[in-house]
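# Remarks on the overall topology
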2 protein chains.
Amino acid sequence: MANKIGSISHRSQQFKDIYAHAEKGLRQLLQLPDNFEILFLSSANEIWERAIQNTVEQESFHLVNGSFSKRFYEIARELGCRAEKHEVSFGQGFDIDNLEVPGSAELVAVVQNETSSGAATPITEINKIRDKSNPEALVFVDAVSSMPHPAFDYNQLDAVYFSVQKCFGLPAGLGVWILNNRCIAKAEAMQAKGISVGSYHSIPALLSKAKAYQNPETPNVLNIFLLGQVVAEMNKKGIDIIRQETEIKAQLIYDYLATSQNFEIFVQDPAHRSATTIVANTKVSSAEVIKKLAPFDMVVGSGYGNYKEAQIRIANFPTHSTSQMQALVYKLQEIFG
Amino acid sequence: MANKIGSISHRSQQFKDIYAHAEKGLRQLLQLPDNFEILFLSSANEIWERAIQNTVEQESFHLVNGSFSKRFYEIARELGCRAEKHEVSFGQGFDIDNLEVPGSAELVAVVQNETSSGAATPITEINKIRDKSNPEALVFVDAVSSMPHPAFDYNQLDAVYFSVQKCFGLPAGLGVWILNNRCIAKAEAMQAKGISVGSYHSIPALLSKAKAYQNPETPNVLNIFLLGQVVAEMNKKGIDIIRQETEIKAQLIYDYLATSQNFEIFVQDPAHRSATTIVANTKVSSAEVIKKLAPFDMVVGSGYGNYKEAQIRIANFPTHSTSQMQALVYKLQEIFG
């Protein structure tokens, strides 16, 4: 607040420095190749819309296994796109070996971590999608609630996006879109054909300002500043340690859930269990679980949608320390067995 | 921060209460009629885009007298709209009596307060636009940097919008769109015809969530909370006093500028001078003015675009007290004469 972050001009040098700090920090943290750019938008919802507007002329293809992957599919259709989907049950992962991707799909969307169900797609499976698709198709990966945990192979995807209110522990209101030269070329080619790719937040418009460390509109300056600070802290710790800790903490939780009298791991296939959003069926209602944890300043989420009462969701983000997660496990065990 | 505003769920009752508090406070402050709704978006840029997508099938008409009114016109064209404009010089207002609005225009855009030049359109002039237009046309008013000062006649307009980083003194990242049943009906009629009006941020999508005090996406929760707090403070003071104070402070500044050796009021016609963003030509460079005020913790802005060095812009927002503005005048007088 002392630096007046809340009121500086988004055209000032001070803002450009803030933007560059966040951008360069993320680039280091995620070990991004040079052919990838980082764009700041308002939400993952907005990124879904901009992705369709900017990279799909006719048809997209969506791997759906929960509420968020389904929403991307629906948004594509609302925008007039001929979207197709391959849907599996809530809580299941995908069998990419036996998947058929339509050759006409220009964008193939896969969710690495489905926040609603706690099902994750292993990186090894994501890496098979490109070969299953038309060579021109763009592979879009949703890592809204898992980034920076997944160690992506950036040769096997064209875009990945996340929201800062999940693993980065920040107030909501900023979506980060990481995309490569192939996405940019597609947007430019569509624009050259006279197709509208939007206005102030088209890929070309965002990119032309991003090169000067700015946004077209007055952006969420405070959140870009805070993201830079959090990412700098993460870089001090190092991405390898963050990933290792995330996995150790996830193991703690899953080990407890597997032996609990009250809880049951929801995602059946161990290879498809999320490390960052852990979902369990619960015999007592989620409301009861939340209420009983409250006096200890511990928070778990209720289930998503229809599973609101019958499931809990445990966030395992870098901001949660190993001892906090261990304390949560002890407390759950003590209260619910 | 004690209430964990940064991390609450945007589907929780706590968030709905925050949203309702901001919404009801604004409704009271602006004395909105019941046929107007309030929607929360990311920026005024976004509101421009959503306005075109949701309420214009073919043609919009834009009164242009500066960078922001021109940008709305450009965005309409980028979205494939047949946009027309009536343009006057930078720093001038509009002569509505002699204006011809094309009968085919579905949306007529006027900027009440052009942030780039400090030219304002008097309410009495805005009130003439409806009669000049096709009865079906929607009148869209930009009050980004003046709301809540203008005492609009809501019978004479269909939508008005503003950004919270101006008169509400908040961090950037929230645009507020106030629109009536005519705008909603137009969006619904377009949707019924099979025209895409966008996805998660179409008027119908925003509205269906707004009715339950929520947003379709995870919004900028912190800013909606802060807006509610600032608006509650403003309501305690009362809109009449805020408007009166704004005018007194503006008079202080304009009176000084009129007699200064170094500065000169930029907007010629007194009736067209903004009360909230006051622009002056300066003999010494704006950079020099800014530098000489810095030790006294006083801030003015440089001119916009090509006028960066040759003009200064003085913000006169409700957050600036009369004594602060008087102190600024004394200091400018002391340093620059």
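For the structure, see preceding data.
To keep things clear, this report deals only with the structure shown in the data block. Every chain's residues receive numbers from 1 upward, in the order its sequence appears when written. Here chains are named by letter from A upward and ligands by number from 1 upward, in the order in which they appear as written. Reporting in this predicted model follows two pLDDT cut-offs: at least 70 for local features of residues, and 80 or more for side-chain atom pairs to be given and counted; totals over whole chains, interfaces and linings ignore these cut-offs and use all residues. The side-chain numbers reported here are obtained from all heavy atoms of the structure, hydrogens and water having been left aside.

## Looking at the side chain of His149(A)
Residues and elements named next belong to chain A. Definition in use: Segments assigned H or I by DSSP are reported as helices when at least four residues long, segments assigned E as strands when at least two residues long, and all are numbered from the N terminus. Burial here depends on accessible area, computed with a 1.4 Å probe over protein chains only, as a share of the maximum for the residue type. Under 20% is buried, over 50% is exposed, and the range in between is partly exposed. Identification of polar contacts relies on pairs of N or O atoms within 3.5 Å, with a donor-acceptor requirement for protein atoms, meaning one able to donate a hydrogen and the other able to accept it, and with residues adjacent in sequence counted only if both atoms are side-chain atoms. Note on contacts: a residue pair qualifies if any of its non-hydrogen atoms lie within 4.5 Å across the two residues.
Locating histidine 149 in the fold gives a position in the loop between strand S7 (138–142) and strand S8 (159–163). Among the residues examined, histidine 149 registers a relative accessible area of 15% and is labelled buried. Within the structure, the side chain of histidine 149 is placed 2.6 Å from the side chain of glutamate 247, a separation counted as a polar contact. Residues within four places of histidine 149 in sequence aside, it is in contact with Arg243, Thr246, Glu247, Ala275 and Thr276.

## Examining the sheet that holds strand S1 (residues 36–41) of chain B
Residues and elements named next belong to chain B. Selection criterion: Any two strands between which DSSP finds at least two bridges are classified as paired. As a rule, the C-alpha atoms of each element are fitted with a line to give its axis, helices using only the stretch in contact, and angles between N-to-C directions run from 0 to 180 degrees.
The sheet built from 7 strands is open, its strands ordered S1-S9-S8-S7-S4-S2-S3 with mixed pairing. Strands at the two margins of the open sheet, each flanked by one partner only, are S1 and strand S3 (82–87). Along the sheet, successive strands turn relative to each other by an average axial angle of 20°, direction set aside. Across 3 bridges, the pairing between strand S2 (residues 59–64) and strand S4 (residues 107–111) is parallel. Following the sheet pairing, phenylalanine 61 is matched in S4 by valine 108. Sheet contacts for helix H2 (residues 44–55): S1, S2, S4, strand S7 (138–142), strand S8 (159–163) and strand S9 (175–180); angle to S9, the most-contacted strand, approximately 30°.

## Here's the deal with the relation of the copies chain B and chain A
Between the two copies of this chain, the relationship is a rotation about some axis together with a displacement along it. Spelled out, the test is: Residues below a pLDDT of 70 in either copy are left out; the C-alpha atoms of the rest, at least 70 in both, set the least-squares superposition of the copies.
When chain B is fitted to chain A, the best match, at an RMSD of 0.0 Å, comes from turning it 180° and sliding it 0.0 Å along the axis. Expressed as an axis order, the relation between the two copies is that of a two-fold axis. Minimal C-alpha distance to the rotation axis in chain B is attained by Ser42(B), lying at 3.3 Å. Mapped onto chain A, 97% of the interface residues of chain B again fall at the interface, so both copies present the same surface.

## Thoughts on the nonpolar core
Nonpolar side chains in soluble globular proteins tend to end up buried together. Filter applied, for reference: Buried residues of nine kinds, namely Ala, Val, Leu, Ile, Met, Phe, Trp, Tyr and Cys, make up a nonpolar core once their side-chain atoms join them within 4.5 Å.
Core analysis: the largest hydrophobic core is formed by 170 residues, its most contacted members being Phe168(A), Trp177(A), Phe168(B) and Trp177(B). Per-element tally for this core: the top contributor is helix H1 (residues 13–30) of chain A, with 7 residues. Apart from the residues within four sequence positions on either side, Trp177(A) is in contact with Glu37(A), Ile38(A), Leu39(A), Leu41(A), Ile47(A), Arg50(A), Ala51(A), Phe140(A), Ala159(A), Val160(A), Tyr161(A) and Ile203(A).

## Some details on the sheet that holds strand S11 (residues 277–282) of chain B
Within a sheet, adjacent strands bond to each other through the backbone by hydrogen bonds, running parallel or antiparallel. Residue and element names in this part refer to chain B. The 4 strands lie next to each other as S10-S11-S13-S12, forming an open sheet whose pairing is antiparallel. Edge positions in the open sheet fall to strand S10 (263–265) and strand S12 (301–302), since each of these has one partner strand only. As paired elements, S11 and strand S13 (residues 311–315) share 5 bridges and run antiparallel to each other. Considered in S13, the bridge of valine 279 is made with arginine 313. In this fold helix H9 (residues 239–259) packs onto S10, S11 and S13, with an angle of close to 120° to the strand it touches most, S10.

## Some thoughts on the pairing of strand S4 (residues 107–111) of chain A
Residue and element names in this part refer to chain A. For S4, a buried count of 5 out of 5 residues is recorded, marking the element as mostly surrounded by other parts of the structure. Where burial is concerned, the two faces of S4 agree: the one with Leu107, Ala109 and Val111 and the one with Val108 and Val110 are both buried. Across 5 bridges, S4 lies against S7 in parallel orientation. Residue pairing across strands places valine 110 opposite valine 141, the latter belonging to S7.

## Notes on the interface of chain B and chain A
Threshold: In short, buried area is how much 1.4 Å probe accessible area vanishes from two parts on joining, totalled over both. Whenever a carboxyl oxygen of Asp or Glu lies within 4 Å of a side-chain nitrogen of Lys or Arg, that contact is scored as a salt bridge. Residues are grouped as follows: nonpolar covers Ala, Val, Leu, Ile, Met, Phe, Trp, Tyr, Cys and Pro; charged covers Asp, Glu, Lys and Arg; every other residue, Gly included, is treated as polar.
On the side of chain A, 29 residues touch chain B, which itself brings 30 residues to the contact. Three residues, Glu49(B), Ser199(B) and Tyr200(B), lead the burial of chain B against chain A; their summed loss comes to 22% of the area buried on that side. Linking chain B with chain A are 2 salt bridges, by the criterion used here. For Arg50(A), the salt bridge goes to Glu49(B), with nearest N and O atoms at 2.7 Å. Counting across the chain B and chain A interface gives 8 residue pairs in polar contact (both at pLDDT 80 or more). Elements represented by at least two residues in the side of chain B that touches chain A include exactly H2, helix H3 (67–78) and helix H8 (221–237) of chain B. Considering every element that reaches the side of chain B that touches chain A, the biggest residue donor is H2(B), with 5 residues. Along the lines of polarity and charge, the residues of the side of chain B that touches chain A split into 10 nonpolar, 12 polar and 8 charged.

## Digging into helix H6 (residues 181–192) of chain B
Residue and element names in this part refer to chain B. Spelled out, the test is: Helix span is expected to be 1.5 Å times the residue number reduced by one.
Taking 1.5 Å of rise per residue, the 12 residues of H6 would be expected to cover 16 Å, and the 16 Å separating its terminal C-alpha atoms lies within 8% of that figure. The secondary structure elements touched by the buried residues of H6 are S1, H2, S7, S8, S9 and helix H7 (203–210). For H6, the side-chain oxygen to backbone nitrogen distance between the N-cap and arginine 182 is 3.0 Å, and the N-cap itself is asparagine 180. Count one or two residues on from H6 and you reach glycine 194, which has phi positive near 90°.

## Overview of empty space enclosed by the protein
The test is simple: Site definitions follow a grid-based scheme: protein atoms alone, a 1 Å grid, a 1.4 Å probe that fits but cannot get out for cavities, and for pockets an open set with protein on both sides within 12 Å along at least five of seven lines, plus lining residues having an atom within 4 Å of a point. Grid points are joined across faces, edges and corners, and a volume is the space filled by probe spheres set on the points.
Throughout the structure, instances matching the rule amount to 5 cavities of 30 Å³ or more. Roughly 170 Å³ of internal volume is contained in the largest cavity. Residue lining of the largest cavity: 23 residues in total, with Ser42(A), Gly173(A), Asn220(A), Ser42(B) and Gly173(B) positioned closest to the centre. Residue assignment for the lining of the largest cavity shows that the elements contributing at least two residues are strand S1 (36–41) of chain A together with S1 of chain B.

## A word on the environment of Tyr200(A)
Residues and elements named next belong to chain A. Counting through the fold element by element, tyrosine 200 comes out in the loop between helix H6 (181–192) and helix H7 (203–210). When its relative accessible area of 1% is taken as the criterion, tyrosine 200 is described as buried. For tyrosine 200 and alanine 250, which are 50 residues apart along the polypeptide, the C-alpha to C-alpha distance reads 40 Å.

## Examining unusual backbone geometry
In this chain, Met147(A) is followed by Pro148(A) through a cis amide linkage whose omega measures 15°. Looking at the element boundaries, Pro148(A) is found in the loop between S7 and S8. The phi dihedral of Gln31(B) falls on the positive side, at around 50°, and the residue is not glycine. Turning to its location among the elements, Gln31(B) is positioned in the loop between helix H1 (13–29) and S1.

## Here's the deal with the packing of aromatic side chains
Two numbers describe a pair of aromatic rings. These are the distance of the centres and the angle of the planes. Stated formally: Only rings of Phe, Tyr and Trp enter the pairing, Trp through its six-membered ring, and a pair is recorded when the two centres are within 6.5 Å. The plane angle decides the type: under 30 degrees is stacked, over 60 is edge-to-face, the rest tilted. In this analysis the charged atom, NZ for Lys or CZ for Arg, is taken to sit over a ring once it is within 6 Å of the ring centre and within 35 degrees of the ring normal.
Per the stated rule, a full pass over the model turns up 30 aromatic pairs over all chains. With a centroid separation of 6.2 Å and an interplanar angle of 70°, the aromatic rings of Phe152(A) and Tyr154(A) are classed as edge-to-face. A residue is classified by how much of its surface remains accessible, and Phe152(A), at 10% relative accessible area, is buried. Seen from their ring centres, Tyr19(B) and Phe40(B) are 5.0 Å apart, and the 75° between their planes marks the pair as edge-to-face. Here the residue Tyr19(B) occupies a position in helix H1, and Phe40(B) occupies one in strand S1, the gap between them amounting to 21 residues. For the pair Tyr19(B) and Phe40(B), a shared accessibility class is recorded, and that class is buried. Ring-pair connections join several aromatic residues into one group, and the members of that group are Phe15(A), Tyr19(A), Phe40(A) and Tyr213(A). Directly above the ring of Phe296(A) sits Lys331(A), whose terminal nitrogen or CZ lies 3.9 Å from the centroid.

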